[in-house]
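So you can see what is in the structure, the chains are spelled out below.
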Amino acid sequence: MDMTLHSKKIAFIGTGVMGASIVKHLLKADFDVTVYSRTKSKTAELVELGAKWAPTPKEAADGKDIIFTMVGFPSDVEEVYSGQDGIFQTAKKGAVVVDMTTSEPTLAKNLYAKAKEKGIFSIDAPVSGGDVGAQNGTLSIMVGGDKEIFDELLPILQIFGSNIVYQGGPGAGQHTKMCNQLLIATNMIGVCESIAYALKAGLDIDKVLQSISTGAAGSWSLSNLGPRMIKGDLEPGFYVKHFIKDMKIAIEEAERMDLDLPGVKLSKQLYNTLLEKGYGEKGTQALIKYYVED
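The rules we used
Residues numbered from 1 in each chain as written. Predicted model: local features only at pLDDT ≥ 70, side-chain atom pairs only at ≥ 80, totals over all residues. Heavy atoms only, no water. Helix = DSSP H or I, 4+ residues; strand = E, 2+ residues; numbered from the N terminus. Buried < 20%, exposed > 50% of the residue type's maximum accessible area, 1.4 Å probe, protein only. Contact = heavy atoms within 4.5 Å. Phe/Tyr/Trp six-rings, centres within 6.5 Å; stacked < 30°, edge-to-face > 60°. Lys NZ or Arg CZ within 6 Å of the ring centre and 35° of its normal. Pairing = 2+ DSSP bridges. Right-handed = clockwise from strand over helix to strand, strands pointing away. Axes fitted to C-alpha atoms, helices over the stretch in contact; angles between N-to-C directions. Parallel < 35°, antiparallel > 145°, perpendicular 65-115°, else oblique. Nonpolar A, V, L, I, M, F, W, Y, C, P; charged D, E, K, R; others polar. 1 Å grid on protein atoms, 1.4 Å probe; cavity = no way out; pocket = protein on both sides within 12 Å on 5 of 7 lines; lining within 4 Å. Points joined across faces, edges and corners; volume = space filled by probe spheres on them.

### Considering the overall build of the chain
Then, number 1: For the chain, the helix and strand inventory stands at 13 helices and 9 strands.
Then, number 2: Dimensions along the principal axes, computed over C-alpha positions, put the chain at roughly 60 × 45 × 35 Å.
Then, number 3: When the 294 residues of the chain are sorted by exposure, 51% land in the buried category.
Then, number 4: Contacts in the chain between residues far apart in sequence, at least 24 positions, make up 66% of those at least 6 positions apart.

Have a look at this one:
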């Protein structure tokens, strides 16, 4: 794949909270970008900024050099790639498909094999950093696939990411993202329990955070989501419903490796309680509602 950067035509499938911000960075960098989203209204602002709109993933992918996907669930990934209106229907030989959805490592390997049969290069590149990282162009990107394709794609990934690491062959990016999600899952319990404890003890929560955020107990979730919890801001940087999906993947993959993970199992149980209470469309910081109700 010859990466003469700005001659490359890009398709971006899935313009949700994070996908839309990534597309804005690509447009700002003067790339030719075609977008598709199941909800057309989610692409309206991007079209105003210069993106082209396509009615299906198949039409978005047609003739493009690089095709990014960032959708919700593994079933959505399978649909946008292999469905009747999927990317593999029209993606040209030599194109690169980059799935940024947090999905199953096993599915990433399957997509790689299917793509290879068609002369297409497949990369799994899930991200971390939430809505803020996407807006600021500082996402962490964990990449699996062929090293030479990663090297050629890197200048484009650097447009919206700041910590971009090649992890290994197909599926390695997704496995690394599972490591990331496992840390968040158990850490979020700690953050919520610490805040709930401080509130019950009648402490000034802002002063508590001032003391505990910078020491050994510090974490991204505590510094960035702790203040949102305290303000009652539950708007999604990352949806509860998608986080539950990630924990399910992690548990299933761990079971395949004969590994027991009690921490993530507890976290998934707590988040399932939130889902039943109607918090599925809220951000992961909504876990505070398990401990502290208004």
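After that view of the structure, there is still more to cover.
### Description of unusual backbone geometry
Then, number 1: You will see that Asp 30, though not glycine, has its phi angle at about 70°, which is positive.
Then, number 2: A positive phi angle, close to 60°, is found at Asp 258, a residue other than glycine.
Then, number 3: Mapped onto the elements, Asp 258 comes out in the loop between α11 (240–256) and α12 (262–276).
Then, number 4: The exposure class of Asp 258 is exposed, given its relative accessible area of 74%.

### Quick word on the packing of aromatic side chains
Then, number 1: For the structure shown, the criterion picks out 7 aromatic pairs.
Then, number 2: For the ring pair Tyr 81 and Phe 88, a centre distance of 5.5 Å and an interplane angle of 55° mean the geometry is tilted. The two residues Tyr 81 and Phe 88 agree in class, both being buried.
Then, number 3: Linked through ring pairs, Phe 12, Phe 68 and Phe 160 together constitute an aromatic cluster.
Then, number 4: Cation over ring: Lys 40 sits above Trp 53, and NZ or CZ is 4.1 Å from the ring centre.
Then, number 5: Here the guanidinium or amino end of Lys 147 rests over the ring plane of Tyr 166, the centre of that ring lying 5.9 Å away.

### Some remarks on the pairing of strand β5 (residues 96–99)
Then, number 1: Neither face of β5 is left uncovered, since the one carrying Val 96 and Val 98 and the one carrying Val 97 and Asp 99 both have all their residues buried.
Then, number 2: Bridge analysis of strand β4 (residues 66–69) against β5 gives 4 bridges, and the strand direction is parallel. Across the sheet, the residue bridging to Ile 67 is Val 97, located in β5.
Then, number 3: Pairing analysis gives 4 bridges linking β5 to strand β6 (residues 121–124), with the strands arranged parallel. Bridging from a neighbouring strand, Val 96 pairs with Phe 121 of β6.
Then, number 4: Handedness of the β5-helix α5 (residues 105–117)-β6 crossover: right-handed.

### A word on the packing of helix α9 (residues 205–212) against helix α10 (residues 220–231)
Then, number 1: Between α9 and α10, the shortest axis-to-axis distance is 11 Å and the interhelical angle comes to 175°. By the angle between their axes, α9 is roughly antiparallel relative to α10. Contacts from Ile 205, Leu 209 and Ile 212 in α9 reach Leu 222, Gly 226, Pro 227 and Ile 230 in α10.
Then, number 2: A per-class count over the contact of α9 with α10 returns 6 nonpolar, 1 polar and no charged.

### Description of the pairing of strand β1 (residues 9–13)
One face of the sheet, then the other: side chains in a regular strand alternate in exactly this way.
Then, number 1: Counting buried residues in β1 gives 4 out of 5 residues, a clear majority hidden from the surface.
Then, number 2: Here β1 runs beside strand β2 (residues 32–36); their pairing, made up of 5 bridges, is parallel. The partner of Ala 11 across the bridge, within β2, is Thr 34.
Then, number 3: With respect to chirality, the unit in which β1 leads through helix α1 (residues 17–28) into the neighbouring parallel β2 is right-handed.
Then, number 4: Pairing of β1 with β4 involves 4 bridges; the strand directions are parallel. Across the sheet, Ala 11 pairs through a bridge with Ile 67, a residue of β4.

### Here's the deal with empty space enclosed by the protein
To locate leftover empty space, one rolls a probe as large as a water molecule over the atoms.
Then, number 1: Within the structure shown, the criterion is met by 1 cavity of 30 Å³ or more.
Then, number 2: Approximately 50 Å³ is the volume attributed to the largest cavity.
Then, number 3: In terms of lining residues, the largest cavity is bounded by Tyr 81, Val 97, Asp 99, Ala 108, Leu 111, Ser 122, Ile 123, Asp 124 and Gln 174.
Then, number 4: Contributions of two or more residues to the lining of the largest cavity are made by β5, α5 and β6.
Then, number 5: Counting residues per element, the lining of the largest cavity draws most heavily on β6, which supplies 3 residues.
Then, number 6: Residue classes in the lining of the largest cavity are distributed as 5 nonpolar, 2 polar and 2 charged.

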